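Geometric and topological summary
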Amino acid sequence: MMVAAVALFASCCNNKCKCTCSECCCNQETAAVAAEAADEEDFEPIFNGETLEGWRGYGMDVPPASWDVEDGAIHLKGSGTGEAQAEGGGDLLYDKKLKNFEIRFEYKISKGGNSGVFYLAQEAKSQKTGELLPIWQSASEYQILDNANHIDAQLGVDGNRQAASLYDMIPAKPQNAKPYGEWNTAAIQVFKGTVIHYQNGQKVLEYHLWTPKWKEMLDNSKFSADGDFPEAYELLLNMGGEEHEGYVAFQDHGDDVWYRNIRVKVTD
């Protein structure tokens, strides 16, 4: 993540610098910008900034009516009733499964807003009823939240429901989310079971799927085998299914949220 380095150099330099030595901070700034550009080379945009081409609703063939494009960002038109989705709402899914990858994006949440980014998600059906299970029963969630104004920030354990956390399991530390209405940068890396969350240029958590520690985390969570969501336990225990791949999706939690500059690098 090169953004923090570029900002640091920019703060100490000015455009009038004339020096030519390699230690000159102006030269360092140029090098940092070049490094950031090189860091982005292998990333492909998956949102064109104008339409929802390539995206659809979870369990649907088309995008839900609650999502649109506003000022170059994917926007959820909130229902105004918290978790209750508006008619025609639903989670928005990138219509291509990913396995080993890094996704980078920016997000902005509304006052008191809640959303999330799911990854390695499946469109799984209940073995009992045959109905489509909620997406969160098969996927990890990068929490998106207005920490200052949403009650979820005070729930859970040790802040594990705050922004950039692995929802209800691992808190994001440091907690560096910006206030509602401001853009945050974010990234999720998934590689052979290792998962890392970033927020605003900082690594905030790391964990490892399909390990004894992962099973222990599930056993001690609301997704435990003897809890309210036994089918979720089995799906999450082997998250990504046999191929260890799945969908990335944005959550419709009923609150306005914006996502932009969404790009992916496949690392298979």
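Below: a short report on this structure. As the structure is a computational prediction, the values presented were derived from the model and not from experiment. (Residues numbered from 1 in each chain as written. Predicted model: local features only at pLDDT ≥ 70, side-chain atom pairs only at ≥ 80, totals over all residues. Heavy atoms only, no water.)

The next thing to look at is the packing of aromatic side chains. With the rule as written, the count across this model stands at 9 aromatic pairs. Relative to Y94, the ring of W55 lies with its centre 5.4 Å away and its plane at 50°, an arrangement referred to as tilted. Highlighted residues: W55 in strand β2 (residues 55-57) and Y94 in strand β5 (residues 92-94), separated in sequence by 39 residues. A residue is classified by how much of its surface remains accessible, and W55, at 4% relative accessible area, is buried. Residues W136 and F229 carry aromatic rings whose centres are separated by 4.9 Å and whose planes lie at 90° to one another, so their mutual orientation is edge-to-face. Here W136, found in the loop between β7 (114-121) and β8 (140-145), pairs with F229, found in the loop between α3 (212-219) and α4 (230-237); they are 93 residues apart in sequence, far enough to count as distant. Residue F229 is classed as partly exposed on the basis of its relative accessible area, which comes to 23%. Here a set of aromatic residues connected by ring pairs shows up, and it is made of W55, Y94, F105, Y142, F250 and Y259. A cation over a ring is seen here: R260 above W183, with NZ or CZ 3.8 Å from the ring centre. (Phe/Tyr/Trp six-rings, centres within 6.5 Å; stacked < 30°, edge-to-face > 60°. Helix = DSSP H or I, 4+ residues; strand = E, 2+ residues; numbered from the N terminus. Buried < 20%, exposed > 50% of the residue type's maximum accessible area, 1.4 Å probe, protein only. Lys NZ or Arg CZ within 6 Å of the ring centre and 35° of its normal.)

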